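# Chains, contacts and geometry: an overview
The lines below spell out each chain.
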Amino acid sequence: MPLPIFVPPSVAICCKFKALAENDRFQKQPLIAEVQQCLVLALPLAAAQLAQAATAFVDTVMMGWLGSQTIASGGLGAATFTFFLLVSTSIVSAVSPLVAEAYGGGKSEQVGSIVQQGLWLSLLLGVPITLLLYFAGDWLGWLGQDANTVALSAYYLKAIAWGIFPALGFAVLRSFFSALSQPHPVMVAVVLGTLLNITLNYILMFGKLGLPALGLTGIGLASSLSLWSIFIGLAIYSLHHNFLTLNELLGRQTNNPLENNRIFWEIVTLGLPIGGLIAVEAGLFTVVTFLMGYLNTTALAAHQIALQTAAMSFQLALGVSLATTVRVGQLRGENNAVGVRRAGYVGIVLGGLLMGFLGIAFWLFPKTIISLYLDPSDADNTEVISLASQLLAVAAIFQIVDGVQVTAAGALRGLKDTHVPLLMGIMSYWCIGLVSGYVLGFGLGYQAVGLWWGLALGLAVAAGVLTYRFSLVQSHIQ
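Residues numbered from 1 in each chain as written. Predicted model: local features only at pLDDT ≥ 70, side-chain atom pairs only at ≥ 80, totals over all residues. Heavy atoms only, no water.

## Some details on the overall build of the protein
Across its full length, the protein holds 18 helices and 0 strands. For the protein, the proportion of its 478 residues judged to be buried stands at 60%. Considering only contacts in the protein between residues 6 or more positions apart, those separated by 24 or more positions represent 84%. (Helix = DSSP H or I, 4+ residues; strand = E, 2+ residues; numbered from the N terminus. Buried < 20%, exposed > 50% of the residue type's maximum accessible area, 1.4 Å probe, protein only. Contact = heavy atoms within 4.5 Å.)

## Some remarks on the packing of aromatic side chains
Scanning all chains against the criterion turns up 12 aromatic pairs. Ring centres of F83 and F84 lie 5.5 Å apart, and the angle between their planes is 75 degrees; this geometry places the pair in the edge-to-face category. Taking the relative accessible area as the measure of exposure, F83 reaches 21% and is therefore partly exposed. We classify F84 as buried; its relative accessible area is 17%. The interplanar angle of 55 degrees and the centroid separation of 6.3 Å between the aromatic rings of Y294 and F442 together place this pair among those described as tilted. With Y294 in helix α12 (residues 257–295) and F442 in helix α17 (residues 419–443), this pair connects stretches of sequence that are 148 residues apart. Among the aromatic residues, those joined into a ring-pair cluster are F83, F84 and W139. The ring of Y134 is capped by K158, whose NZ or CZ atom sits 4.1 Å from the centre of that ring. (Phe/Tyr/Trp six-rings, centres within 6.5 Å; stacked < 30°, edge-to-face > 60°. Lys NZ or Arg CZ within 6 Å of the ring centre and 35° of its normal.)

## Description of the environment of A235
Along the polypeptide, A235 turns up in helix α10 (residues 216–240). Look at A235 and you get buried, because its relative accessible area is 19%. Linking A235 and G169, residues 66 residues apart in sequence, is a C-alpha distance of 8.8 Å.

## Quick notes on the packing of helix α8 (residues 164–179) against α10
α10 packs onto α8 with a crossing angle of 40 degrees between their chain directions and a minimal axis gap of 8 Å. Note that α8 runs across α10; the crossing there is left-handed. For the pair α8 and α10, the contacting residues are F165, P166, A167, G169, F170, L173, R174 and F177 in the first and L227, W228, I230, F231, L234, A235, Y237 and S238 in the second. When the residues that make up the contact of α8 with α10 are grouped by side-chain class, the tally is 13 nonpolar, 2 polar and 1 charged. (Axes fitted to C-alpha atoms, helices over the stretch in contact; angles between N-to-C directions. Left-handed = near helix turned anticlockwise from the far one by under 90°. Nonpolar A, V, L, I, M, F, W, Y, C, P; charged D, E, K, R; others polar.)

## What to know about helix α4 (residues 95–104)
Within α4, 7 of the 10 residues are buried, which leaves it mostly tucked inside the rest of the structure. Those residues of α4 lying buried are V95, S96, P97, L98, V99, A100 and A102.

## Things to note about the confidence of the model for the protein
Confidence in the prediction for the protein averages 82 pLDDT; 88% of positions are at 70 or higher. Looking at the elements of the protein, mean pLDDT is at its lowest for helix α1 (residues 11–22), recorded as 46, and at its highest for helix α18 (residues 447–475), recorded as 92. Confidence drops under pLDDT 50 across residues 1–15; counting only partners more than four residues distant or on other chains, this segment forms 23 contacts. A low-confidence stretch, residues 17–22 (pLDDT under 50), is modelled with 8 contacts involving residues beyond four sequence positions or located in other chains. (pLDDT = per-residue confidence, 0-100.)

## Examining a nonpolar patch on the surface
Together, V127, L131, Y134, F135, W162, W228, I232 and I236 give the surface a local cluster of nonpolar side chains, amounting to about 750 Å² of exposed area. Elements with a contribution of two residues or more to the nonpolar patch: α5 (110–134) and α10. Among the structural elements, I236 can be located in helix α10. (Patch = residues over 30% accessible without salt bridge, like charges linked within 9 Å, V, L, I, M, F, W, Y side chains within 5 Å. Areas by Shrake-Rupley, 256 points an atom, 1.4 Å probe, with all protein chains shown as cover. Salt bridge = Lys/Arg side-chain N within 4 Å of Asp/Glu carboxyl O.)

## Section: the pattern of salt bridges
The full count for this structure, using the stated rule, is 5 salt bridges. R327 is the salt-bridge partner of E34, the closest N and O atoms lying 2.9 Å from each other. Taken together, the residues span a long stretch of sequence, with E34 in helix α2 (residues 28–64) and R327 in helix α13 (residues 297–333) at a distance of 293 residues. With respect to class, E34 is no different from R327; both count as buried. Across the pair D417 and R469 runs a salt bridge whose closest N-O atoms are separated by 2.8 Å.

## Describing the packing of helix α9 (residues 184–206) against α10
α10 packs onto α9 with a crossing angle of 155 degrees between their chain directions and a minimal axis gap of 8 Å. Classified by the interaxial angle, the pair formed by α9 and α10 is roughly antiparallel. You can see that α9 and α10 cross each other, and the crossing is right-handed. Packed against α9, whose contacting residues are P185, V186, A189, V190, G193, L196, N197, L200, N201, L204 and M205, the element α10 presents G218, I219, L221, A222, S223, L225, S226, S229, I230, L234 and Y237 at the interface. (Parallel < 35°, antiparallel > 145°, perpendicular 65-115°, else oblique.)

Encoded structure:
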């Protein structure tokens, strides 16, 4: 029995944007200018996000060269690492709206203190997460995963665990640069780091240049080294480059311990709900990954292929979301209520349109995409390829709402509204997405495909309620 076709509720959002364009407060020229400013900021950020996500993407592709069992085991490790990475970097990303508002409001003396306290928070978060990843082999088995899969995953996680510290530090510096509308150094650093990751993956995985073949351990070690290179490179640039008086901004730090303490806790207060929202969304995908492992290795491998592909496209929408946060935060610092409203809706629509185009590619070329991971001529991969094609068809449909929900959340972060969106995320992703996916997957027997339809439904509800929340919050800005 085929599942009903899901139609994302994007029509209402587009109608809202059209109404804004027709409103006399949203004249054509300012609207076009906002679209241009959003794109100028979003494209480099999206490229940087895409390049950074390429670390996991390249890891997954190269895992596939070692066979289906390796991609299943490495996929479990990659999903675990990505979950902790997304949550922790989202917490420190609170630096972005705080710097944007301070910079937009002409309070440059606060910028250096915000960055400094963000780096201290990165250190505090990095210690426990590194330990959790390093000893993941001891607790992944408690989640019902196959013992052989867990054993192989542990090799990857022990090596990549050392990349959490630089990843968090990079997230703080990325937030600083993007808040000043200067994302290009971030893009360059990430692209170079990704190229290094690809090179080191090949050398360490297969044992080139006289080194031993390390397999999954080599892939994890290569990723850690590339993350360190990205962080160190951007840190050196920020300390020694005079463009936009970066030295001056970072050097202006308050010596008042009480003020530093206030800034630190403001980052924590704002960042924890941001990380919580990402946790409930990423947690949904992570739990579904564990459920796939509970089904069988074929389901887990197919899920990893579809998930990694969707994660790559999501990075582009996330770039638009980061740009929307900055634009809304800067305009909020200028007390420009009309600009805030316009920037928020421009970002939401651009995010939905971008993901819609990518969804078309998922729908039309699934076999081409899957061939990046597995050899279609190998008979052992037939079942995985068939199931991955079905999952990509579902992913193609929920791309639009995924783009809308992440940019709506970005607009709300620009307004420093994070607590209510967290509650909305819990309702959408877990109460609706996970429950419906479990019912479809296990109760009605659709298994892997049913679980992915639950993901689609949860994202659709999140898109609707987060967009509605932005319309409420921005309407109260004077």
